[in-house]
Amino acid sequence: MASRTDAPTRREQILREAARLFAERGFHGVGVDEIGAAVGISGPGLYRHFAGKDAMLAELLVGISEQLLTGGRRRVTESEGDPEKVLDSLIEGHIDFALDDRPLITLHDRELDRLRDSDRKLVRQLQRQYVEIWVEVVREVHPGLSEPAARSAVHSVFGLLNSTPHLGRAGTLPGRGATAALLHRMAKGAFAAADG
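Because the structure is predicted, anything quoted here is derived from the model rather than measured.

Conventions and cut-offs
Each chain carries its own residue numbering, running from 1 in the direction its sequence is written. This being a predicted model, a pLDDT of at least 70 is required before a residue's local features are given, and a value of 80 or more before pairs of side-chain atoms are given or counted; all residues contribute to the totals for chains, interfaces and linings. As a rule here, side-chain values cover all heavy atoms of the structure and leave hydrogens and water aside. Per the convention used, a helix needs a DSSP run of H or I reaching at least four residues, while a strand needs a run of E reaching at least two, with both numbered from the N terminus. Each radius of gyration reported is based on C-alpha atoms, and the globular scaling rule is 2.2 Å times the count of residues to the power 0.38. For every residue, the accessible area (1.4 Å probe, protein chains only) is compared with the maximum for its type, and the residue is labelled buried under 20%, exposed over 50%, or partly exposed between those bounds. For this analysis, residues touch if any pair of their heavy atoms sits within 4.5 Å. Charge convention: Lys and Arg are scored as positive, Asp and Glu as negative, and His as well as the terminal groups of each chain are ignored. Lysine's charge is taken at NZ, arginine's at CZ, aspartate's at CG and glutamate's at CD. Pairing of aromatic rings covers Phe, Tyr and Trp, the last counted by its six-membered ring, and requires centre-to-centre distances within 6.5 Å; plane angles under 30 degrees mean stacked, over 60 mean edge-to-face, and any other angle means tilted. Two thresholds decide whether a charge sits over a ring: the Lys NZ or Arg CZ must be within 6 Å of the ring centre and within 35 degrees of the ring normal. Take the buried residues of types Ala, Val, Leu, Ile, Met, Phe, Trp, Tyr and Cys, join any two whose side-chain atoms come within 4.5 Å, and each joined set is a nonpolar core. Here, a salt bridge means any Lys or Arg side-chain nitrogen found within 4 Å of an Asp or Glu carboxyl oxygen.

### Notes on the overall build of the chain
Thought 1: In terms of helices and strands, the chain carries eight helices and zero strands.
Thought 2: Walking the chain from its N terminus toward its C terminus, one meets helices and strands in the order α-α-α-α-α-α-α-α.
Thought 3: Taking 16 Å as the expected radius of gyration for a compact globule of 196 residues, we find that the chain reaches 18 Å, a close match to that expectation.
Thought 4: Once the C-alpha set of the chain is aligned to its principal axes, its extents read approximately 55 × 40 × 30 Å.
Thought 5: The buried share of the chain, taken over its 196 residues, is 44%.
Thought 6: In the chain, the share of contacts with a sequence separation of at least 24, taken over all contacts with a separation of at least 6, comes to 69%.
Thought 7: On the chain, the mean spot of the 26 positive side-chain charges and the mean spot of the 28 negative ones are 4 Å from each other.

Take a look at the structure:
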């Protein structure tokens, strides 16, 4: 989930541990007792916060999609209309997500189909809106790109940035700052290459 400066709530602690455990062992490989133990409460105590594991999964996947969209909109507004600055800010925001919320990427890849139809459709709708923010900005920076080409480039860059769960364990990476800078250069390079 998004970084906070204040201490996480019990609900946020539960979600973070659920994401980690689901990513490590799969949704069906984790019981509520294990999630509860990870945050220091009994499994049944989780039901004070969530209706069950399905509700946790939905909140994780819908929640991160909402956060990315909200963050993308905020970054566009804060960058004062300079397309290069907006693109850099969008890339930085997605890199923060990709490095700080790696379990959610794995969870999305493996477990999205486990959501109820309505939740899965909501995730997809939020993701499409997020993509369209990027497409518009990429086309401002690279006006030679057609809309379909820009959309393909955005999805390709997301694939690149969202590959972080496959980079190895956090301790084996060259350091957060160096990894973030490398990913940023690669994303910018991918968009430039797409423009030809």
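### Concerning the packing of aromatic side chains
Thought 1: All told, the structure shown has five aromatic pairs when counted by the stated rule.
Thought 2: Each ring, one from Trp 134 and one from Phe 158, has its centre 5.0 Å from the other, and the planes form 80°; the classification is edge-to-face. Within this pair, whereas Trp 134 is found in helix α6 (residues 117-141), its partner Phe 158 is found in helix α7 (residues 147-161), the two being separated by 24 residues in sequence.
Thought 3: Look at Trp 134 and you get buried, because its relative accessible area is 0%.
Thought 4: You can call Phe 158 buried: its relative accessible area is 9%.
Thought 5: Taken together, the ring pairs in this structure connect Tyr 130, Trp 134, Phe 158 and Phe 191 into an aromatic cluster.
Thought 6: The positively charged end of Arg 11 is found above the aromatic ring belonging to Phe 50, 4.1 Å away from the centroid.

### Focus on the nonpolar core
Where a protein is soluble and globular, its nonpolar side chains tend to be buried together.
Thought 1: With 57 residues, the main nonpolar core has Phe 22, Ile 35, Met 56, Trp 134 and Phe 191 as its most contacted residues.
Thought 2: For this core, the elements supplying multiple residues, two or more each, are α1 (10-25), α2 (32-39), α3 (53-78), α4 (83-100), α5 (102-111), α6, α7 and α8 (176-195).
Thought 3: Here Phe 191 is in contact with Leu 87, Ile 91, Trp 134, Val 138, His 142, Ala 153, Val 154 and Val 157, once residues within four sequence places are set aside.

### Structural notes on the environment of Glu 34
Thought 1: One can find Glu 34 in helix α2.
Thought 2: Expressed as a C-alpha distance, the spacing of Glu 34 and Leu 21, which sit 13 residues apart in the sequence, is 8.5 Å.
Thought 3: Non-local contacts of Glu 34, meaning those with residues more than four positions away in its chain, are made with Leu 21, Arg 25 and Gly 29.

### Examining the pattern of salt bridges
Thought 1: A complete count under the given rule lists 16 salt bridges for this structure.
Thought 2: Arg 11 is paired through a salt bridge with Glu 59; the nearest N and O atoms lie 2.6 Å apart. Placement of the pair is Arg 11 in helix α1 and Glu 59 in helix α3, with a sequence separation of 48 residues.
Thought 3: Among the residues examined, Arg 11 registers a relative accessible area of 32% and is labelled partly exposed.
Thought 4: Of the charged contacts in the structure, one is a salt bridge between Lys 188 and Asp 88, with a shortest N-O distance of 2.7 Å. Separated by 100 residues along the polypeptide, Lys 188 in helix α8 and Asp 88 in helix α4 bring together distant segments of the chain.
Thought 5: A network of salt bridges, in which partner residues are shared, links Glu 132, Arg 139, Glu 147 and Arg 151.

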